[in-house]
Amino acid sequence: MDSPDLWAGLPTLEDPSAEDDTAPDVWEDPIPLTGRRERPAFPAHVFPAWVREFVAAVAEETQTPVDLAGSVALAVLATAAGGRSVVHVRGNWREPTNLYTVVALPPANRKSAVFALLTNPLYEAEKQLKTAMKPVIVEAEVTARLAKEAADKAAAKAASADGDKREQMVATAVGLAQTADTLTVPAEPVLLADDSTPETVTSLMAEQGGRLSVMSAEGGIFDIIAGRYSGAPNMEVFLKGHAGDRLRVNRQTRREYIDAPALTIGLAVQPEVLRDIGKVKGFEGRGLLARFLYSLPASTVGERKIVTESIPEETAATYAAKVVDLTLSLAGWTDPALIQLSPEADAALISYQKRVEPQLKARGGKLGHISNWAGKLAGATARMAALLHLAEHLGEGYAHPVPVATMRAAIELGEYYTAHALAVFDVMGADPVLSRARAALDVLRDNAGEDVSRRDVFTALSRSEVPTVADLEPALALLEDHGFLRTYQPERTGKRGRPPAPRLQVHPGIRQGGR
């Protein structure tokens with residue numbers, strides 16, 4: 001237990017030299033602890049016209065936040081280009097063009113409808129790829145079957161041969177078997193998977209040359225990663241699938257090697273899902289949560305128009321045609337198309353990195369408590385710049401360097417996702433000061449009176465949550481800043497000794513459920 005002397009003489013959170021040494025009686029409504037996070041609207045103007053117009057039209061017809069259609073559109077572009085293109089930033093720094101995006105909205109926000117409208121062209125592109133590949137697959141199947149039959153017949157003849165002919169026939173059988181073994185049947189093209197197990201995702205990626213997209217208007221994939229079926233988190237493919245790190249899995253039945261995995265994830269979930277995944281052991285520590293671009297828009301439910309403008313047919317047709325075109329134009333690339341930055345674009349990204357870097361400081365940095373996420377921001381920005389560039393130039397994006405205007409547009413997206421990430425990680429409890437402030441607020445709510453000492457609050461809190469007095473002070477300052485309490489200096493009761501420790505006057509509405 002801390003000595004009472006620790007609390008005596010502590011500086012007040014307000015000016016101790018103020019003439020009025022008692023807290024005023026008038027209280028304003030407190031500001032919710034998460035109420036000060038600015039969450040800007042999605043900057044849909046950064047897209048090329050054919051994406052921008054469709055995103056705006058979808059948001060209008062469905063009466064949903066433009067953030068939903070905008071983030072899904074980014075995931076659609078990443079599905080089309082992921083695994084088939086990379087952006088060269090500088091030196092040995094290259095980024096794949098796949099992304100992980102997640103939008104959080106309450107129920108009744110028509111997430112499924114928006115997903116269907118944005119992703120339908122991907123299914124059409126997948127259908128066309130399957131149609132084009134079908135004759136190749138049939139030919140390969142027949143060739144492989146005939147080669148296997150020829151090898152088996154040769155082996156049977158060699159087994160029954162005598163004398164000098166046996167050695168020659170064995171050699172022939174071995175050669176035919178080796179030839180048959182080299183013949184593979186291409187897998188049927190698959191671009192998208194629903195909420196699949198890590199094992200299924202790994203197998204599909206191996207079949208598809210490392211490329212796959214998981215798109216869903218639900219959050220079930222998080223439950224699967226957390227171990228719904230296996231009993232333990234299994235996130236290796238989702239970690240390496242984002243970074244492009246070599247993935248090798250040895251199973252009892254087969255081995256799967258993916259030298260350059262490129263997994264895209266596009267999700268729309270309820271806010272409670274984000275709160276729950278923040279509690280899953282290993283998600284944050286292993287860096288899974290740091291790989292997502294988060295969007296937490298305000299719901300439009302209750303303010304929606306009943307009669308809305310339909311999506312113009314030409315706008316929808318243009319969007320569908322260009323998504324299919326981009327997907328098909330890159331589908332045949334075995335070595336990924338290399339997207340270069342112009343010198344001016346690189347300079348803009350460097351300037352952005354210099355602006356972000358000081359914010360990563362653990363102490364005092366705006367992004368210090370989410371440095372795992374923010375540390376990947378520059379890479380994510382480069383990826384988004386490449387995707388915007390490809391959307392502008394479609395199949396010929398590799399022939400033109402990314403201009404500075406496109407990089408600035410990607411930086412604007414980066415700033416949008418940074419603001420929303422701060423709000424989302426607040427929901428997840430990533431900020432220790434905010435988490436401690438909430439815990440202190442619970443103590444104040446349970447307190448019998450409206451006047452309490454710092455020591456009373458500290459004593460009531462868990463040491464695992466608030467280890468020291470110094471850890472409590474920023475939390476109390478935050479509560480005072482939001483209007484939940486006031487610090488005041490009590491009058492001396494005698495002429496000698498130290499002045500009494502400052503005390504806390506609690507907002508009278510807290511015990512009535514104020515938050």
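Higher on the page you've got the structure.
Residues numbered from 1 in each chain as written. Predicted model: local features only at pLDDT ≥ 70, side-chain atom pairs only at ≥ 80, totals over all residues. Heavy atoms only, no water.

Visitor: Explain the overall build of the chain to me, please; I cannot follow it from the model alone.
Guide: Along the chain, the regular secondary structure elements total 16 helices and 13 strands. Per-residue burial over the chain gives 46% buried out of 515 residues. Summed over its atoms, the accessible surface of the chain is roughly 25100 Å², and 51% of this surface lies on carbon and sulfur atoms. (Helix = DSSP H or I, 4+ residues; strand = E, 2+ residues; numbered from the N terminus. Buried < 20%, exposed > 50% of the residue type's maximum accessible area, 1.4 Å probe, protein only. Areas by Shrake-Rupley, 256 points an atom, 1.4 Å probe, with all protein chains shown as cover.)

Visitor: Could you clarify how one ought to interpret the nonpolar core in this entry?
Guide: One recurring pattern in soluble globular proteins is that nonpolar side chains are buried together. Ranked by size, the top nonpolar core spans 115 residues in total, and within it Leu118, Phe238, Tyr294 and Trp373 carry the most contacts. Broken down by element, this core gets its largest block of residues, 13 residues, from helix α13 (residues 404–428). Residues in contact with Trp373, not counting those within four places in the same chain, are Leu289, Ala290, Phe292, Leu293, Tyr294, Tyr417, Thr418, Ala421 and Phe425. The next biggest cluster of nonpolar side chains, apart from the first, holds 23 residues, and it includes Ala439, Ala440, Val466 and Ala475. (Core = buried A, V, L, I, M, F, W, Y, C linked by side-chain atoms within 4.5 Å. Contact = heavy atoms within 4.5 Å.)

Visitor: Would you mind showing me how to read the sheet that holds strand β12 (residues 485–488) here?
Guide: Backbone-to-backbone hydrogen bonds join strands into a sheet, with any given pair of strands oriented parallel or antiparallel. With antiparallel pairing, the three strands of this open sheet are ordered in space as β11-β13-β12. What marks the edges here is a single partner per strand, and that holds for β11 (451–453) and β12. Pairwise comparison of adjacent strand axes, ignoring direction, gives a mean angle of 30° for this sheet. Of the strand pairs in this sheet, β11 and strand β13 (residues 503–506) are connected by three bridges, and their pairing is antiparallel. (Pairing = 2+ DSSP bridges. Axes fitted to C-alpha atoms, helices over the stretch in contact; angles between N-to-C directions.)

Visitor: So what exactly am I meant to see when it comes to a nonpolar patch on the surface here?
Guide: Residues Val138, Val142 and Leu146 make up a contiguous nonpolar surface patch of roughly 220 Å² in combined accessible area. Position of Leu146 relative to the elements: it lies in helix α3 (residues 111–160). (Patch = residues over 30% accessible without salt bridge, like charges linked within 9 Å, V, L, I, M, F, W, Y side chains within 5 Å. Salt bridge = Lys/Arg side-chain N within 4 Å of Asp/Glu carboxyl O.)

Visitor: Is there a simple way to think about the pairing of strand β1 (residues 85–90) in this case?
Guide: Consecutive residues of a regular strand have side chains that alternate between opposite faces of the sheet. Of all six residues making up β1, five are buried, and the element is well covered by its neighbours. Pairing between β1 and strand β10 (residues 337–340): four bridges, direction parallel. Paired with Val86 across the two strands is Leu338, which belongs to β10. Hairpin connection, β1 to strand β2 (residues 93–96): the antiparallel pair is bridged by two residues, and Gly91 has positive phi, about 60°.

Visitor: How should I be thinking about the sheet that holds strand β5 (residues 211–216) in this particular structure?
Guide: An order of β4-β5-β8-β3-β9 is seen for the five strands of this open sheet, with the pairing classed as parallel. Bordering the open sheet on either side are β4 (192–193) and β9 (292–295), each of which pairs with just one other strand. Strand direction decides the pairing type here: β5 and strand β8 (residues 262–269), joined by six bridges, are parallel. Looking across to β8, one finds that Leu212 is bridged to Leu263.

Visitor: Help me out: how do you make sense of the environment of Ala57 in this one?
Guide: Structurally, Ala57 can be placed in helix α1 (residues 49–62). For Ala57, a relative accessible area of 11% corresponds to the buried category. Spatially, the C-alpha atoms of Ala57 and Ser310 are 7.3 Å apart, while their sequence positions differ by 253 residues.

Visitor: Hey, could you run me through helix α9 (residues 313–331) in this one?
Guide: Since the α-helix turns once every 3.6 residues, residues separated by three or four places project in the same direction. Its 19 residues place the ends of α9 27 Å apart at the C-alpha level, agreeing with the 27 Å of an ideal helix rising 1.5 Å per residue. Taken residue by residue, α9 has Thr315, Tyr319, Val323, Val324, Leu326, Thr327, Leu330 and Ala331 as its buried positions. Down the axis of α9, the sector holding all buried residues measures 160°, keeping them to one side. Opposite the buried face of α9, by more than 90 degrees, sit the exposed residues Glu313 and Glu314. The secondary structure elements touched by the buried residues of α9 are α1, α2 (66–81), α3, β5, β10 and α12 (377–393). (Expected span 1.5 Å × (residues − 1). Arc of directions from axis to C-beta.)

Visitor: Please explain the packing of α2 against α12 as it appears in this structure.
Guide: Describing two packed helices takes the angle between their axes plus the distance from one axis to the other. It is the contact of α2 with α12, at a shortest axis distance of 10 Å, that shows an interaxial angle of 80°. Viewed along their axes, α2 and α12 adopt a mutual orientation that is roughly perpendicular. Two secondary-structure elements touch here, α2 through Leu74, Leu77, Ala78 and Ala81 and α12 through Met384, Leu387, Leu390 and Ala391. Residue classes in the contact of α2 with α12 are distributed as eight nonpolar, no polar and no charged. (Parallel < 35°, antiparallel > 145°, perpendicular 65-115°, else oblique. Nonpolar A, V, L, I, M, F, W, Y, C, P; charged D, E, K, R; others polar.)

Visitor: What's the story with the packing of α2 against α9 in this structure? I'm lost.
Guide: Packing of α2 against α9 leaves a shortest axis separation of 8 Å and a crossing angle of 30°. Our classification of the angle between α2 and α9 gives roughly parallel. Contacts from Val76, Leu77, Ala80 and Ala81 in α2 reach Tyr319, Val323, Leu326, Thr327 and Leu330 in α9. Partitioned by chemical class, the residues of the contact of α2 with α9 number eight nonpolar, one polar and no charged.

Visitor: How should I be thinking about the pattern of salt bridges in this particular structure?
Guide: Between side chains of opposite charge, a pair can form when the charged atoms approach closely. This structure, assessed with the given rule, holds 14 salt bridges. The closest approach of N and O atoms between Arg90 and Asp346, which form a salt bridge, is 2.8 Å. Of this pair, Arg90 sits in strand β1 while Asp346 is found in helix α10 (residues 343–356), placing the two residues 256 residues apart along the sequence. Residue classification places Arg90 among the partly exposed residues on the basis of a relative accessible area of 26%. Across the pair Glu415 and Arg355 runs a salt bridge whose closest N-O atoms are separated by 2.8 Å. One end of the pair, Glu415, is in helix α13; the other, Arg355, is in helix α10, and 60 residues separate them in sequence. On the accessibility criterion, Arg355 (41% relative accessible area) is partly exposed. Put simply, Glu126, Lys130 and Glu188 are held in one network by salt bridges that share partners.

Visitor: Is there a simple way to think about the packing of aromatic side chains in this case?
Guide: Remark: the centre distance and the inter-plane angle together describe each pair of aromatic rings, the angle taken between the planes. All told, the structure shown has eleven aromatic pairs when counted by the stated rule. Ring plane angle 40° and centroid distance 5.8 Å describe the contact between Trp50 and Tyr319, whose orientation is recorded as tilted. Remark: Tyr319 occurs in helix α9 and Trp50 occurs in helix α1; sequence separation between them is 269 residues. Each member of the pair, Trp50 as well as Tyr319, is classed as buried. Judged by centre distance (6.1 Å) and plane angle (40°), the rings of Phe292 and Tyr294 are tilted. The exposure classification of Phe292 matches that of Tyr294, with both residues buried. Within the aromatic cluster, the residues linked to one another by ring pairs are Tyr100, Phe222, Phe292, Tyr294 and Phe425. Lying across the ring of Phe458, Arg463 places its NZ or CZ 3.8 Å from the centre. Against the face of Trp27 rests Arg486, its NZ or CZ located 3.8 Å from the ring centre. (Phe/Tyr/Trp six-rings, centres within 6.5 Å; stacked < 30°, edge-to-face > 60°. Lys NZ or Arg CZ within 6 Å of the ring centre and 35° of its normal.)

Purely geometric numbers; function is a separate question.
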